[in-house]
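Single-letter residue listing:
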Amino acid sequence: MMSITRQINNRKIGKSPSQLGEQSIPIYGDKATATSETKPLTWRLAHHEAVLDLATYQSLKGFEGLKIALSKSAKEVGTMIKDANVRGRGGAGFNAGLKWTFMTPPDGGPRYLICNADEMEPGTFKDRLLMERLPFQLIEGMIISGYAIGATAGYIFIRGEYIEAAKRLNNALDECRANGLLGDNILGSGYSFDLHVHTGAGRYICGEETALINSLEGRRANPRTKPPFPQISGAWGRPTVVNNVESLNNMSAIMLHGVEWYHGLSEGKSQNPGTKIMGCSGYVNEPGLWEVPFGTTAREIIFDYAKGMKDGRKLKAWLPGGASTDFLTASDEHLDLPMDFEPIMKAGSRLGTCLIMVVDETQDMVALSLNLQKFFARESCGWCTPCRDGLPWGVKTLTALDAGQGQQGDIEVLQQLTKDLWLGKTFCAHAPGAVEPLQSALKYFRNEFDAKVDANSAVVETFAPGGVPSATTVTTYSPKKQSV
Ligand SMILES: Cc1cc2nc3c(=O)[nH]c(=O)nc-3n(C[C@H](O)[C@H](O)[C@H](O)COP(=O)(O)O)c2cc1C
Ligand code: SF4
């Protein structure tokens, strides 16, 4: 972990404030067979560490998809994307092209496309890879999408710490502008569109699409009530679409190779078309990212791609797609689950961002839950009471448990809290996401929580009426219990 002083100094000299800027993200795969038809999102990286200049990108089929899109009508492009069924890669999995159809029809006023590049979900680093190493691919996807929805301007709302990615995107945008790929009358098509990079201030809630829009407008990043959805009233009250970085990276390849090809990419493993960048982090031998079909199993990701647990440690649990998903276990039933929206949901979790975080046998689930809840409590925007007050209450209870000061009934309080913060009880999905790891830790690893309570129980002698001593377990109440 980098020291705070070093983080501040890094920020001053324009470097990433955290260790992010010093880590490289390995992306492994079969380089020999990676082509635009087999690995549409990452094939260019099989030949280049990164593609950062326009000439190289163009030599690798860059902007060919855009040319095809501009030769069609906007409606035809939108229909192709809807038929391709690009399920949103930001977590919710909604068909991108279908979402576009909910926009208010053009009325001559401004319309916006926003790329959600906030990526603050712990354990998730796929969008960073795409932006740092393939900035032109995102830009091309955004011009195609902007054309389809009739957008007049686009914004890339990027996590503030992604300094290198923002720099590379800005350089790529300048080159595109200088070469007629952005601005007025793109490639002589009559379509005019420009893109802007906007760096966020580093709040998790800015990833929620309406909080993101508020932040972009210069307001406090509270989510907005829905409806109206952004497609009707988004940025500055105008029709707006928000899509994730990875979702937008799919567009150029669909234009190039067509809808049928896109459906075939799942290799019969899934009903969901296309490929997905999946990943693994934690105590594994080779953490990284891989572009694979939906339906690849968790076992394949952890044990084949990430080469299994390090130093012979045993796998205890895993989060399928970021910190706001439910833990699954090391059972065969869970490890053989296809990494796909429906099967993971049926097993009681969510696919989320599809980047697995492993938990090994040495990790304490109470301490781990506390760590995650601290993050979510800190990131609450504070707009609604259950989340603003409920998440710190969970932290307080878990802090006491972890410090050996738990009381009988604490676990039941935590269980009730996960219900009180569930879907429909709060203004946005932050709180329900926050309690997912906690509720599943309580479900699968209750014994570890019980043990913490038991450790704080003392056997004392009490005297029953009639003077016969009996051994009774009572809980000690410590005055040291901290509030947060
Ligand atoms: C608390 C919270 C944080 C979110 N963070 C992100 C994020 O960092 N990136 C992202 O693409 N979507 C994030 N989302 C989902 C977005 O609200 C939205 O669904 C997504 O950007 C839509 O893009 P897609 O349809 O292409 O997936 C978040 C949602 C919530 C509730
Ligand atoms: S659930 Fe939390 S993050 Fe979402 S609006 Fe309420 S207070 Fe804000």
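Data block above holds the structure.
Described below are features of the structure shown in this document. Values in this document were obtained by computation on a predicted structure and should not be read as measured data.

**Digging into the site of ligand 2**
The local shell around ligand 2 holds 13 residues, among which Cys381, Trp383, Cys384, Cys387 and Cys428 are the closest. The residue inventory of the shell around ligand 2, partitioned by class, reads nine nonpolar, four polar and no charged.

**Quick look at the packing of aromatic side chains**
The tally for this structure, following the rule as stated, stands at 16 aromatic pairs. Seen from their ring centres, Phe94 and Phe102 are 6.1 Å apart, and the 50 degrees between their planes marks the pair as tilted. On the numbers, 5.2 Å between centres and 70 degrees between planes, the contact of Phe375 with Phe376 is edge-to-face. Overall, Phe375 belongs to the buried group, its relative accessible area being 15%. Its relative accessible area of 0% is what places Phe376 among the buried residues. Joined through ring pairs, the aromatic side chains of Tyr57, Phe63 and Phe136 make up one cluster.

**Remarks on the environment of Ala434**
Looking at where Ala434 falls in the secondary structure, it is placed in helix H19 (residues 430-444). Given a relative accessible area of 0%, Ala434 falls into the buried group. For the pair formed by Ala434 and Asp326, sequence separation is 108 residues and the distance between their alpha carbons is 9.5 Å. Sequence-distant contacts of Ala434, that is, excluding residues within four places in its chain, are made with Gln373, Phe376 and Leu391.

**Observations regarding the pattern of salt bridges**
Counted under the stated rule, the structure contains 30 salt bridges. With a shortest N-O distance of 2.8 Å, Lys126 and Asp127 are connected by a salt bridge. The same class applies to Lys126 and to Asp127, which are both buried. Arg313 is the partner of Asp360 in a salt bridge, and the nearest nitrogen-oxygen pair spans 3.2 Å. With a gap of 47 residues between them, Asp360 in strand S9 (residues 355-360) and Arg313 in the loop between helix H13 (298-305) and strand S7 (315-319) connect regions that are remote in the sequence. Taking relative accessible area as the criterion, Asp360 reaches 3% and is therefore assigned buried. Taking the relative accessible area as the measure of exposure, Arg313 reaches 27% and is therefore partly exposed. One network of salt bridges, in which partners are shared, links Arg89, Lys126, Asp127, Glu246 and Lys276.

**What about the sheet that holds strand S3 (residues 194-199)?**
An order of S3-S2-S1-S4 is seen for the four strands of this open sheet, with the pairing classed as parallel. Each edge of the open sheet is held by one strand with a lone partner, namely S3 and strand S4 (240-244). Sheet twist, expressed as the average angle between the axes of neighbouring strands with direction ignored, equals 20 degrees. Bridge analysis of strand S1 (residues 112-117) against strand S2 (residues 153-158) gives six bridges, and the strand direction is parallel. Paired with Leu113 across the bridge in S2 is Gly154.

**Focus: the packing of helix H16 (residues 365-379) against helix H20 (residues 446-455)**
The contact between H16 and H20 brings their axes to 8 Å, and the two run at 100 degrees. Here H20 runs roughly perpendicular to H16, going by the angle between their axes. The segment H16 lies against H20, with Met365, Val366 and Ser369 engaging Glu448, Phe449 and Lys452. For the contact of H16 with H20, the residue count by class is three nonpolar, one polar and two charged.

**Side note on the pairing of strand S6 (residues 288-293)**
Two faces belong to every sheet, and in a regular strand the side chains alternate between them. Burial analysis of S6 places six of its six residues in the buried class, the great majority of the element. Note: strand S5 (residues 275-281) against S6, six bridges, orientation antiparallel. Each residue of the ladder has a partner; that of Ile277, found in S6, is Glu291. Counted between consecutive antiparallel strands, the loop separating S5 from S6 contains six residues, among which Gly282 sits at a positive phi close to 110 degrees.

**Some thoughts on the packing of H16 against helix H17 (residues 385-402)**
The geometry of a pair of packed helices is captured by two quantities: the angle between their axes and the separation between those axes. Remark: H16 packs on H17, axes separated minimally by 9 Å, with the N-to-C direction vectors making an angle of 155 degrees. By the angle class used here, H16 and H17 are roughly antiparallel. By crossing handedness, the relation of H16 to H17 is classed as left-handed. Of the residues in H17, those touching H16 at Val366, Ala367, Ser369, Leu370, Gln373, Lys374, Phe376 and Ala377 are Leu391, Pro392, Val395, Leu398, Thr399, Leu401 and Asp402. Of the residues in the contact of H16 with H17, the class split is 10 nonpolar, three polar and two charged.

**Description of the sheet that holds S7**
Across the sheet, which stays open at both edges, the five strands sit in the order S6-S5-S9-S7-S8 with mixed pairing between neighbours. Both edges of this open sheet fall to S6 and strand S8 (328-329), since each of them pairs with a single strand only. Strand direction decides the pairing type here: S7 and S9, joined by four bridges, are antiparallel. Residue pairing across strands places Ala317 opposite Val359, the latter belonging to S9. Seen against the sheet, helix H6 (residues 126-133) touches S5, S6 and S9 and runs at an angle of roughly 115 degrees to S5.

**Quick notes on the site of ligand 1**
Among the 18 residues in the neighbourhood of ligand 1, the closest are listed as Gly90, Lys99, Asn116, Asn244 and Ser247. Contact distances for ligand 1 include 3.4 Å between an oxygen atom and a backbone N or O atom of Arg89. Backbone polar atom of Asn244 to an oxygen atom of ligand 1: 2.8 Å apart, as the coordinates give it. The protein chains hide 88% of the 610 Å² of surface that ligand 1 would expose on its own. Partitioned by chemical class, the residues of the shell around ligand 1 number four nonpolar, eight polar and six charged.

Reading guide: rules and limits
Residues numbered from 1 in each chain as written. Chains lettered and ligands numbered in written order. Predicted model: local features only at pLDDT ≥ 70, side-chain atom pairs only at ≥ 80, totals over all residues. Heavy atoms only, no water. Near = heavy atom within 4 Å. Nonpolar A, V, L, I, M, F, W, Y, C, P; charged D, E, K, R; others polar. Phe/Tyr/Trp six-rings, centres within 6.5 Å; stacked < 30°, edge-to-face > 60°. Buried < 20%, exposed > 50% of the residue type's maximum accessible area, 1.4 Å probe, protein only. Helix = DSSP H or I, 4+ residues; strand = E, 2+ residues; numbered from the N terminus. Contact = heavy atoms within 4.5 Å. Salt bridge = Lys/Arg side-chain N within 4 Å of Asp/Glu carboxyl O. Pairing = 2+ DSSP bridges. Axes fitted to C-alpha atoms, helices over the stretch in contact; angles between N-to-C directions. Parallel < 35°, antiparallel > 145°, perpendicular 65-115°, else oblique. Left-handed = near helix turned anticlockwise from the far one by under 90°. Polar contact = N/O pair within 3.5 Å; in protein donor to acceptor, adjacent residues only side chain to side chain. Areas by Shrake-Rupley, 256 points an atom, 1.4 Å probe, with all protein chains shown as cover.

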